[in-house]
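Okay, here's what each chain looks like letter by letter:
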Amino acid sequence: MSERHETAAGNGVLAIEGLTVAIGGKEILRGVDLTLEPGRVHGLAGESGSGKTMTGLAVLGLLPHGARVSGRIALAGRDLLSLPPKQLNAVRGAEVAMVFQDPATSLHPMLTVGRQLTEHMRHHLRLSRGEARERAIDLMRKVRIPGPEEAIGRYPHQFSGGMRQRIAIAVALACAPKVLIADEPTTALDVTVQAGILRLLRGLCDDLGLAVLLVTHDLGVMSAVADEVSVMKDGLMVETGPRGQVLVEPRHAYTRALLESLPENAGNAAAATAGAEPSEGEPA
Amino acid sequence: MSPTSAPSKDRAGGAAPDSRKAVRGRVARRHPFARFLVRRIITALLLALGITLVTFILTNLVPGDPAAANLGQRAIGDPAIVAQWRADHGLDKPLPQQYLVHLSGVLHGDFGQSQQSHRPVADDLAEFVPATLELAGAAILISLVLGVGFGVVAALRRDRLADHILRVTSLFGISVPTFWLALVAFYVFFYRLQITPGSGRIDPGMTPPPHATGLYTVDAALAGQWDVFASAAGHLVTPALVLALYTIGLLTRFTRSAVLEVLGQDYVRAARAKGLPGRVILFRYVLRPALVPVITVAGLAFGSLLSGTVLVEAIFAWPGVGQYAYKSATSLDLPAVMGVGLVVGVVYLVINLIVDVLYGVIDPRVRLS
Ligand SMILES: Nc1ncnc2c1ncn2[C@@H]1O[C@H](COP(=O)(O)OP(=O)(O)O)[C@@H](O)[C@H]1O
Ligand SMILES: [Mg+2]
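Residues numbered from 1 in each chain as written. Chains lettered and ligands numbered in written order. Predicted model: local features only at pLDDT ≥ 70, side-chain atom pairs only at ≥ 80, totals over all residues. Heavy atoms only, no water.

A separate point is unusual backbone geometry. Excluding glycine, most residues fall at negative phi; most peptide bonds, likewise, are trans. All names here are of chain A. One non-glycine residue, R144, adopts positive backbone phi at about 65 degrees. With respect to the helices, strands and loops of the structure, R144 is situated in the loop between α6 (129-142) and α7 (148-151). The exposure class assigned to R144 is exposed, which follows from its relative accessible area of 55%. The residue E184 is not glycine, and still its phi comes out positive at about 45 degrees. With respect to the secondary-structure elements, E184 resides in the loop between β7 (179-183) and α9 (191-208). (Helix = DSSP H or I, 4+ residues; strand = E, 2+ residues; numbered from the N terminus. Buried < 20%, exposed > 50% of the residue type's maximum accessible area, 1.4 Å probe, protein only.)

This paragraph deals with helix α10 (residues 216-223) of chain B. All names here are of chain B. When we look at burial in α10, the residues that qualify are Y216, T217, D219 and A220. Down the axis of α10, the smallest arc covering the buried residues is 165 degrees, so these residues share one side. Next to the buried residues of α10 lie α7 (121-156) and α11 (226-263). Phi for G224, located one or two positions after α10, is positive at around 70 degrees. (Arc of directions from axis to C-beta. Contact = heavy atoms within 4.5 Å.)

Quick look at the layout of surface pockets now. Over the atoms a probe the size of a water molecule is rolled, and this reveals where empty space is left. Approximately 990 Å³ is the volume found for the largest pocket. As for the largest pocket, its lining consists of 29 residues, and the residues nearest its centre are L62, L63 and H65 of chain A together with L263 and R272 of chain B. Residue assignment for the lining of the largest pocket shows that the elements contributing at least two residues are α2 (52-60) and α3 (85-91) of chain A together with α7, α11, α12 (266-273) and α13 (278-315) of chain B. The leading source of residues in the lining of the largest pocket is α13 of chain B, at 4 residues. Classifying every residue of the lining of the largest pocket by side-chain character gives 15 nonpolar, 6 polar and 8 charged. (1 Å grid on protein atoms, 1.4 Å probe; cavity = no way out; pocket = protein on both sides within 12 Å on 5 of 7 lines; lining within 4 Å. Points joined across faces, edges and corners; volume = space filled by probe spheres on them. Nonpolar A, V, L, I, M, F, W, Y, C, P; charged D, E, K, R; others polar.)

Residues and elements named next belong to chain A. As summarised here, the arrangement of the 6 strands in space is β6-β7-β8-β3-β9-β10, forming an open sheet in which the pairing is mixed. This sheet does not close on itself; its edge strands, each paired only once, are β6 (96-99) and β10 (236-242). Strand-to-strand twist across the sheet, computed as the mean angle between neighbouring axes with direction ignored, equals 15 degrees. As paired elements, strand β9 (residues 228-233) and β10 share 6 bridges and run antiparallel to each other. For S230, the partnering residue across the bridge sits in β10 and is T240. Contacts from helix α12 (residues 253-260) reach β3 (41-46), β9 and β10, with the element oriented near 100 degrees to β9. (Pairing = 2+ DSSP bridges. Axes fitted to C-alpha atoms, helices over the stretch in contact; angles between N-to-C directions.)

A word on the pattern of salt bridges. A complete count under the given rule lists 20 salt bridges over all chains for this structure. Here R78 of chain A makes a salt bridge to E95 of chain A, at a shortest N to O gap of 2.6 Å. Placement of the pair is R78 of chain A in strand β5 (residues 78-79) and E95 of chain A in the loop between α3 and β6, with a sequence separation of 17 residues. What makes E95 of chain A buried here is its relative accessible area of 16%. R284 of chain B is the salt-bridge partner of E119 of chain A, the closest N and O atoms lying 2.2 Å from each other. Of this pair, E119 of chain A sits in helix α5 (residues 113-125) while R284 of chain B sits in helix α13, which puts the two residues in different chains. When its relative accessible area of 9% is taken as the criterion, E119 of chain A is described as buried. In this structure, a network of salt bridges that share partners links the residues E37, R40 and E228 of chain A. (Salt bridge = Lys/Arg side-chain N within 4 Å of Asp/Glu carboxyl O.)

The packing of two helices is summarised by the inter-axis angle and the distance between the axes. Residue and element names in this part refer to chain B. Relative orientation of the contacting elements α7 and helix α15 (residues 334-362) amounts to 40 degrees, with a least axis distance of 11 Å. Judged on the interaxial angle alone, α15 and α7 are oblique. Classified by chirality, the crossing of α15 by α7 is right-handed. Contacts from V121, L125, V129 and L133 in α7 reach P335, A336, G339, V340, V343 and V347 in α15. Looking at the contact of α7 with α15, its residues break down into 9 nonpolar, 1 polar and no charged. (Parallel < 35°, antiparallel > 145°, perpendicular 65-115°, else oblique. Left-handed = near helix turned anticlockwise from the far one by under 90°.)

Here it is, written out as structure tokens:
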């Protein structure tokens with residue numbers, strides 16, 4: 001492993017060590033190690049079914065019923081796997097937040113955006129209704145939703161896909177978490193709005209010092225925004241390291257195969273994603 | 001009309017629709033829910049008109065001569081008496097005219113004269129309908145509370161003991177015929193165990209509460225007559241439960257599967273990821289969407305619950321509209337049959353209107369579209 005990774009592992013805000021998950025006798029994760037650092041985006045790639053989502057859900061204690069877990073997930077000195085339910089619930093949303101793949105289904109269709117933004121703020125941060133509202137409007141502005149005062153009274157179906165994912169990101173950021181897990185946040189979106197979402201995540205990571213785990217199966221996305229890259233296969237991390245190293249000189253045969261299987265090679269895809277203009281809007 | 005008043009009238013007539021339209025436009029934009037509500041109510045009123053027509057036509061299609069059913073054997077033989085009777089009851093006029101007479105009567109609260117009780121049908125309905133509404137209303141309330149409550153418990157305790165018990169109970173409720181249950185309940189609880197009061201709406205020695213709504217429990221509570229209230233509620237509970245059991249079973253099963261379905265949704269997992277307390281997730285994130293299919297089924301089930309009242313009323317000697325309908329239908333008392341048909345139709349309409357409006361209340365995508 002690279003030197004940079006070694007030194008970073010020491011002060012990681014979230015450290016996963018030897019995480020195994022089994023559901024119904026089937027081993028889904030088989031000893032996953034992963035460290036997230038503040039202000040850095042850690043990309044997690046791997047084919048579908050390799051266990052990327054399960055890794056994210058394990059951190060929040062949201063694995064499917066009947067899942068058996070072992071290993072360690074250390075967050076600021078505590079092991080999340082052995083935390084009592086009540087304390088774990090205090091970590092969810094407040095210290096570790098998650099953005100899901102499809103904003104069309106991960107936002108509640110019958111609750112206003114404002115309510116979904118303020119509810120957990122009021123619960124975790126003990127804010128008054130007015131304070132929470134102010135903060136919600138700020139957040140909407142931060143993720144660049146036009147007309148935030150009016151927008152918080154609307155429902156998710158009144159926004160476009162890209163806007164919805166921005167709102168989901170605002171919801172995740174509402175309680176100023178230290179760690180953000182973004183599970184394929186652009187997969188369900190139009191190609192035209194993907195770059196905007198990635199740029200937003202990158203910017204938030206830099207501005208707020210967030211530790212971001214960016215799950216994606218798109219190595220192009222990966223090379224555009226990730227600082228570190230990990231590659232998973234069949235519940236195992238097969239490669240971890242700085243972006244340049246993993247994507248340019250992959251050590252593991254599987255990573256090479258993944259890179260070669262891209263329709264265009266990874267370098268071109270990366271250029272295409274990174275080249276999108278920052279000011280480019282998205283269809284409303 | 002004086003010539004001076006004419007122009008001003010014209011102006012008013014010309015201006016009013018415009019400004020009214022403008023006001024309506026503003027109301028619609030600011031209160032999409034109000035517009036949604038108004039649309040539903042107008043639809044319901046049109047349907048009500050349709051019901052008057054349908055009940056009228058159906059009633060007149062019934063084979064059998066009302067004159068024969070209502071005049072004695074001797075009178076039937078005399079054409080003059082029959083003609084006189086038909087003229088008295090407006091039956092000699094053409095059907096469309098009969099309908100208009102009927103409709104204008106209905107609009108004035110006049111449903112004609114019952115040929116059986118020799119009283120205005122409106123008076124009969126005013127006497128019997130509240131009793132049925134009280135019985136059916138109580139049954140609906142009970143089945144909503146218990147059915148939804150049981151369904152939520154079954155879903156949250158899936159595959160555990162409570163779920164298994166509720167599955168068996170709801171299956172029992174769905175498969176047992178209401179009339180059989182009514183007979184058994186009456187026999188066991190009243191005749192054998194003597195823990196429930198007998199038939200009727202109130203203890204025989206008691207005076208009904210002063211009339212306000214016609215619902216004895218409500219009227220007694222309004223008047224503060226708590227002994228009367230206790231008696232009325234005691235008489236109500238067994239027939240209402242019997243009537244509700246089928247719907248309780250149905251709603252338990254539907255609520256269970258609806259809640260389980262919603263629990264698997266992304267937005268519930270996302271709500272958990274926010275660290276919200278379980279009770280907030282259940283009541284705000286899960287129950288609300290789960291109620292949509294439950295309401296649909298409930299609306300339909302309440303229809304069959306209403307027809308169940310006829311049997312339950314007969315067995316518990318409940319003086320409701322079911323028994324009145326049965327007697328009127330068998331004696332071809334057409335005004336009474338039409339009156340009952342109209343009332344039942346309007347009750348269905350109201351249930352449907354409530355269901356429609358609830359969709360809008362629960363789901364913004366319905367009311368904002
Ligand atoms: N609810 C579940 N019960 C049992 N196995 C599951 C469940 N969800 C996912 N899996 C299995 O876990 C493995 C990893 O899934 P996942 O983490 O979703 O993959 P990825 O996100 O990398 O596409 C897959 O083999 C999948 O079949
Ligand atoms: Mg996944």
